[in-house]
Amino acid sequence: RNPNPNQNENPHPRADDRPGGDRGKRSALKRHCLYVITSTSTSTGSGDDLASPLTAATSAATSVVATSSSADTASAVAFETASKMLTTANGSSNNNIDTDAKNDNLSSFVASHPAAHFEGFIRACVDEIIKLAVFQGTNRSSKVVEWHEPEELRQLFDFQLREKGESQDKLRELLRETIRFSVKTGHPYFINQLYSGVDPYALVGQWLTDALNPSVYTYEVAPLFTLMEEQVLAEMRRIVGFPNGGQGDGIFCPGGSIANGYAISCARYRHSPDSKKNGLFNAKPLIIFTSEDAHYSVEKLAMFMGFGSEHVRKIATNEVGKMRLSDLEDQVKLCLANNCQPLMVSATAGTTVLGAFDDLAGISELCKKYNMWMHVDAAWGGGALMSKKYRHLLSGIERADSVTWNPHKLLAASQQCSTFLTRHQQVLAQCHSTNATYLFQKDKFYDTSFDTGDKHIQCGRRADVFKFWFMWKAKGTQGLEAHVEKVFRMAEFFAGKVRERPGFELVLESPECTNISFWYVPPGLRQMERNREFYDRLHKVAPKVKEGMIKKGSMMITYQPLRQLPNFFRLVLQNSCLEESDMVYFLDEIESLAQNL
């Protein structure tokens with residue numbers, strides 16, 4: 001009904017708005033009705049006026065929802081409020097408005113749409129990115145980073161947000177300055193983390209998905225990417241070695257940490273399906289087992305999901321960083337003796353620091369014996385599966401219940417590109433679906449089994465699949481295999497140089513992956529007895545060298561201690577543009593920076 005008795009009803013109602021129309025039937029709620037306030041003003045401007053901010057504001061103000069059970073006062077207040085919004089937006093009342101300020105605000109209004117006059121700006125910005133970030137930023141003659149302390153950087157860069165927008169010239173300047181002060185992770189001498197490089201195909205793929213801005217949860221809004229995910233995940237499961245040509249399920253998710261969390265969630269559901277509805281109150285404590293060298297995400301996600309860090313048992317590793325199976329079984333038996341329930345083992349294929357590969361075949365036997373879910377965190381080492389020469393490092397992974405595999409690591413896709421793979425076809429949907437009817441309607445006109453979003457814990461989700469699919473299409477499986485074998489070859493060359501060069505010592509004599517951990521002992525320490533004082537002084541070498549290289553901008557390599565071991569350097573290779581000469585450069589630079597320590 002019309003809440004304003006002095007205002008005429010719409011003289012030209014739509015057919016489905018008339019009494020008895022479909023829309024009228026749909027709107028017949030028992031206790032609620034929709035009050036529609038229509039403006040009596042008539043636009044006499046051009047067609048362009050219809051897209052103006054004023055008209056948009058007017059349209060936004062013409063619908064007010066109230067409850068029929070409210071008093072007439074509430075209706076009057078709602079109408080009075082809406083009327084004020086309308087008259088203010090149309091400028092027909094409220095003489096106290098600062099006209100100049102209003103016009104200034106409107107002149108600053110920019111619709112979130114790439115109108116034709118933005119083409120020059122967009123092209124100029126993309127050209128700047130290609131020139132400064134993609135090519136200049138990855139040139140060996142450029143710095144990896146231009147370092148500044150936080151307070152200095154605050155003075156050099158304009159972080160401030162203001163009432164008025166900046167000019168396009170100012171924005172392009174900010175773009176250039178952002179590139180200038182950022183770490184060039186695509187630089188060949190950025191060997192600091194488990195990602196690096198700028199793959200040209202992945203870069204183009206990521207730019208395209210940013211331009212399309214999809215969200216991959218239903219087929220209707222992301223048809224191509226839905227089918228693409230299905231294809232890529234199926235091929236990855238086949239490469240893992242799951243039965244029947246890779247049957248099972250999988251998802252792209254935001255990082256390996258979340259993928260490991262999916263493993264915990266699926267393991268919990270398989271053990272106790274009722275936990276989805278009732279939680280785990282009054283149940284036996286569920287215990288997760290993982291290596292003491294495993295990624296911290298296993299413990300973090302267990303805490304996040306309510307297991308508690310005390311219910312993550314960290315298994316001792318041997319001298320090369322692999323999980324000790326004897327300790328694993330002892331911990332499982334202790335768990336049972338304390339009336340706890342062994343839930344899962346999260347094995348690691350390529351540990352973060354040493355690059356160790358757990359004995360997956362042996363772990364699978366223990367999981368079978370004690371009815372535990374077997375998960376393999378192959379976020380880092382999974383790329384070795386692409387190589388016939390190196391896939392033996394993950395022997396036994398085909399027996400896992402689930403696998404984390406990040407193409408943005410060893411395969412050098414752009415961040416983020418992470419997958420969770422499982423041999424169980426329905427567990428993701430059974431475990432996580434809530435059947436939200438505003439998104440996953442079952443009466444759509446197409447096969448809704450392709451609406452895959454309900455098996456994710458996310459709603460909105462990026463199309464991370466495309467950049468990986470695009471580079472895979474460009475290179476083929478053979479190209480990805482050649483990439484993997486190149487970085488392994490460079491790692492082996494580097495390790496050989498460390499063995500033969502004075503002052504350098506390997507932490508592991510025979511590293512398994514492309515992580516090469518080593519110390520550099522400066523000349524001033526080489527004659528010292530290997531006692532506590534020596535190791536205390538050696539512990540300080542890597543941080544000082546790291547400080548020197550960052551301030552110089554010459555390279556970036558990480559360091560860390562490990563249990564009782566003093567700080568050591570860790571070179572990680574996944575950029576296949578690196579050559580033997582680069583390996584020598586890294587050693588020369590470290591030696592130069594540490595010469596006087």
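Right above here is the structure, for reference.
Since this is a predicted model, take the numbers as computed values, not measurements.

Visitor: Before we move on, could you go through the pattern of salt bridges and cite the residues and values that matter?
Guide: According to the stated counting rule, one finds 36 salt bridges in the structure shown. Here Glu-128 and Arg-176 are joined by a salt bridge, their closest N and O atoms 2.7 Å apart. Of the two residues, Glu-128 is situated in helix H5 (residues 119-135) and Arg-176 in helix H7 (residues 168-181); the sequence distance between them amounts to 48 residues. Among the residues examined, Glu-128 registers a relative accessible area of 11% and is labelled buried. A salt bridge links Arg-461 to Glu-229; its shortest N-O distance comes to 2.7 Å. With Arg-461 in the loop between helix H16 (427-432) and helix H17 (465-500) and Glu-229 in helix H9 (residues 223-240), the pair connects residues that are 232 residues apart, well separated along the chain. Here the two residues Arg-461 and Glu-229 agree in accessibility, since each one is buried. The network of salt bridges with common partners includes Asp-158, Arg-162, Glu-166 and Lys-170.

Visitor: So what about unusual backbone geometry? Which residues, and what values?
Guide: Geometrically, the link from Gln-415 to Gln-416 is a cis peptide bond, its omega value of -20° lying close to zero. A positive phi is found at Asn-371, a non-glycine position, where the angle reads about 55°. By the element assignment, Asn-371 lies in the loop between helix H15 (360-369) and strand E8 (373-377). You will see that Arg-563, though not glycine, has its phi angle at about 50°, which is positive.

Visitor: Which residues make up the sheet that holds strand E13 (residues 556-562), and what are the values?
Guide: Sheet architecture is open: 5 strands sit in the order E3-E13-E14-E12-E11, paired in mixed fashion. Bordering the open sheet on either side are strand E3 (190-191) and strand E11 (504-506), each of which pairs with just one other strand. With 4 bridges connecting them, strand E12 (residues 515-520) and strand E14 (residues 565-572) associate as antiparallel partners. Each bridged residue has a counterpart across the sheet, and for Ser-517 the counterpart in E14 is Arg-570. Contacts between helix H20 (residues 580-594) and the sheet are confined to E3, E11, E12, E13 and E14, with E12 contributing the most and set at about 30° to the helix.

Visitor: Could you give an account of the side chain of Glu-481, naming the residues involved and the relevant values?
Guide: Tracing the chain through its elements places Glu-481 in helix H17. Judged by relative accessible area, Glu-481 falls into the buried class, the value being 13%. When residues no more than four places from it in sequence are discounted, the contact partners of Glu-481 are Met-386, Ser-387 and Lys-388.

Visitor: Explain the packing of helix H11 (residues 256-271) against helix H13 (residues 297-304) to me, and be specific about the residues and the numbers.
Guide: Orientation of H11 relative to H13, taken along the N-to-C sense of each, is 55°, at an axis distance of 9 Å. Judged by the angle between their axes, H11 and H13 are oblique. Both H11 and H13 take part in a crossing whose hand is right-handed. For the pair formed by H11 and H13, the contact residues are Ser-257, Asn-260, Gly-261 and Ile-264 on the first element and Ser-297, Val-298, Leu-301 and Ala-302 on the second.

Visitor: Go over the nonpolar core with me, naming the residues and quoting the values.
Guide: Residues Leu-394, Val-403, Trp-405, Phe-468, Phe-518 and Ile-590 are the most contacted members of the largest nonpolar core, which totals 106 residues. When residues in this core are grouped by element, the largest group, 14 residues, is from H17. The contact partners of Phe-518, leaving out residues within four places of it in the chain, are Phe-494, Val-498, Phe-504, Glu-505, Leu-506, Val-507, Ile-557, Phe-568, Phe-569, Leu-571 and Ile-590. One finds Leu-286, Phe-307, Met-344 and Leu-428 within the second-largest nonpolar core, a separate group that totals 24 residues.

Visitor: So what's going on with the environment of Thr-218? Residues and values would help.
Guide: As for its position among the elements, Thr-218 is in the loop between helix H8 (200-212) and H9. Its relative accessible area of 1% is what places Thr-218 among the buried residues. In sequence terms Thr-218 and Leu-439 are 221 residues apart; their C-alpha atoms lie 7.7 Å from each other. The residues touching Thr-218, leaving out its near neighbours within four places in the chain, are Thr-226, Leu-439, Phe-440, Lys-444, Tyr-446 and Asp-451.

What counts, and where the lines are drawn
- Residues numbered from 1 in each chain as written.
- Predicted model: local features only at pLDDT ≥ 70, side-chain atom pairs only at ≥ 80, totals over all residues.
- Heavy atoms only, no water.
- Salt bridge = Lys/Arg side-chain N within 4 Å of Asp/Glu carboxyl O.
- Helix = DSSP H or I, 4+ residues; strand = E, 2+ residues; numbered from the N terminus.
- Buried < 20%, exposed > 50% of the residue type's maximum accessible area, 1.4 Å probe, protein only.
- Pairing = 2+ DSSP bridges.
- Contact = heavy atoms within 4.5 Å.
- Axes fitted to C-alpha atoms, helices over the stretch in contact; angles between N-to-C directions.
- Parallel < 35°, antiparallel > 145°, perpendicular 65-115°, else oblique.
- Left-handed = near helix turned anticlockwise from the far one by under 90°.
- Core = buried A, V, L, I, M, F, W, Y, C linked by side-chain atoms within 4.5 Å.

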